[in-house]
Structures are given as C-alpha cells and as structure tokens.
Amino acid sequence: NAGVTQTPKFQVLKTGQSMTLQCAQDMNHNSMYWYRQDPGMGLRLIYYSASEGTTDKGEVPNGYNVSRLNKREFSLRLESAAPSQTSVYFCASSGGSRGRGNQPQHFGDGTRLSIL
Amino acid sequence: GESVGLHLPTLSVQEGDNSIINCAYSNSASDYFIWYKQESGKGPQFIIDIRSNMDKRQGQRVTVLLNKTVKHLSLQIAATQPGDSAVYFCAENSGGSNYKLTFGKGTLLTVNP
C-alpha cells in the first residue's frame, strides 16, 4: 500500500519563487493535513481539510495556501517563498469521522524545502 | 505555547532494557492521544493510540499509560532494540470534529548495543 505520497522529496527555491507541494492518499480518508517541522521542534499544523471541499487554517498558515483538489489530493502552495519557510513539510491523512471518532493520522515521508 | 510537552528530551538505554518515554499535556478536554516514531529522513510512523476512557493499552512490545488525574502520558517499550532508536512524539486531540493533533517536541531515544 502506498499510503500517503508526497512530491517532490527535495526542492531548492530562491526567495520570491512560487512552488506547489503535492500530496495524495489512497486510504479513502476524509481528512488531510499539512505540517511543517523545524529542527528541534514538533510538527506544526499549517492547514487542514476535514472533508473534500473544505479547508481551514492551522497554527501557522501565513504565507501558504492549500487546495483540496478531490478526496485523494491536497496541495500546499507557497506563492512567494521566504527563507523562513525553509523546513520539512509533511502531509497526513486520517479516517476520523463522526461514526468512527478520532483515528490516527498517517504521514508521508516529507518534502525537504530550502529557500535561498 | 505548547499544550503537549515532554519531560526528557533525550533517553539512552541499553539493548534489551525497557524504555519509558513521558509526556505531559495541559488540556483536560483532550480525549485522544497518539504516540509516533520518527526515524531520520522519514515521516512520523503511528505506534499506538489511546482514548480518554482508557488508562492503559498494549501493543506489540509497547504499552501506553494515561493518567488523566495528572495529565500524563507514557510510552513503554519492552526489550528495546537498536531499531527502536528514533525520535518519539506524543500528540493529543483536544476534542471537536476536525480531528486535529497537537504535537510535543519529541524525545530522542538512543539504544546502545
């Protein structure tokens, strides 16, 4: 099973460039999430999508936009990259629902992004 | 600030020993907790979860204990192996229907052969 797939795995950008990080899951999950992870820190939520057609801000949404393209795909866009956005970005999905309650989030292996 | 934190940022154990990783949470409304393992260069991997109506849950070589009175969570790994070396994160869901998680900063577990 592929689970959660993120592309690209690595990217280097110049300040001001734009970039879209792609994420797809094959587990038929309703909820999808984007996190960033900085050295020595836990994961911080950027945006999430509780269901197809909805998106909401997380803890650190500034400088990012998202699109829930369909149930499988959830993309993260940096419109004008800044050095402070250098980080490792993780996408996750969860099968949580009213009927099932909370379920674990399953993560991709990340995109390592450097902004020069 | 962080609503989920760890008492020990690093833990070093001998192969074969049992490991205990601790986590404190501050939100008494949290009703779901998860432990993740993250190896270098990889995404967090689900280990075990527990709901607030339980005090203990066991998996393969792992046990999670939840003490709601003092808002404390722990992960016990039995017979620790070199392959257990990783960063371990606890996370909580503070209720609501969006199934968001708040993560702690992590504990680095090193297993010495």
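Here goes a summary of the coordinates provided.

Thresholds applied
- Residues numbered from 1 in each chain as written.
- Chains lettered and ligands numbered in written order.
- Predicted model: local features only at pLDDT ≥ 70, side-chain atom pairs only at ≥ 80, totals over all residues.
- Heavy atoms only, no water.
- Disulfide = S-S within 2.5 Å.
- Helix = DSSP H or I, 4+ residues; strand = E, 2+ residues; numbered from the N terminus.
- Buried < 20%, exposed > 50% of the residue type's maximum accessible area, 1.4 Å probe, protein only.
- Pairing = 2+ DSSP bridges.
- Axes fitted to C-alpha atoms, helices over the stretch in contact; angles between N-to-C directions.
- Phe/Tyr/Trp six-rings, centres within 6.5 Å; stacked < 30°, edge-to-face > 60°.

What follows covers the state of the cysteines. Per the counting criterion, the structure on display carries 2 disulfides over all chains. At a sulfur-sulfur separation of 1.9 Å, the disulfide partner of Cys23 of chain A is Cys91 of chain A. Taking the sign of the S-S torsion, -75° for the link of Cys23 of chain A and Cys91 of chain A, the bridge is left-handed. Of this pair, Cys23 of chain A sits in strand β3 (residues 19-25) while Cys91 of chain A sits in strand β9 (residues 87-94), placing them 68 residues apart in sequence. In this structure, Cys23 of chain A and Cys91 of chain A share a single accessibility class: buried. Between the sulfur atoms of Cys23 of chain B and its disulfide mate Cys90 of chain B the distance is 1.8 Å. Because the torsion about its S-S bond is 60°, the bridge between Cys23 of chain B and Cys90 of chain B counts as right-handed. On the criterion of sequence distance, the pair formed by Cys23 of chain B in strand β3 (residues 19-25) and Cys90 of chain B in strand β9 (residues 86-93) is long-range, its members being 67 residues apart. Taken as a pair, Cys23 of chain B and Cys90 of chain B share a single burial class, namely buried.

What follows concerns the sheet that holds β3 of chain A. Residues and elements named next belong to chain A. As summarised here, the arrangement of the 4 strands in space is β1-β3-β8-β7, forming an open sheet in which the pairing is antiparallel. Each edge of the open sheet is held by one strand with a lone partner, namely β1 (4-7) and β7 (64-68). Neighbouring strand axes in the sheet, compared pairwise and without regard to direction, differ in orientation by 20° on average. The pairing of β1 with β3 spans 4 bridges and is classified as antiparallel. Opposite Gln6, over in β3, you have Cys23 as the bridge partner.

On inspection of all chains with the given rule, the structure shows 10 aromatic pairs over all chains. Aromatic side chains Tyr33 of chain A and Tyr48 of chain A sit 6.4 Å apart centroid to centroid with 20° between the ring planes, which places their arrangement in the stacked category. Here the residue Tyr33 of chain A occupies a position in strand β4 (residues 31-37), and Tyr48 of chain A occupies one in strand β5 (residues 43-49), the gap between them amounting to 15 residues. For Tyr48 of chain A, a relative accessible area of 7% puts it in the buried group. Ring geometry for Phe107 of chain A against Tyr36 of chain B: centres 5.4 Å apart, planes inclined by 90°, an arrangement best described as edge-to-face. You can see Phe107 of chain A sitting in strand β10 (residues 105-107) and its partner Tyr36 of chain B sitting in strand β4 (residues 32-38), one on each of two chains.

The values reported here are purely geometric and, on their own, carry no functional implication.
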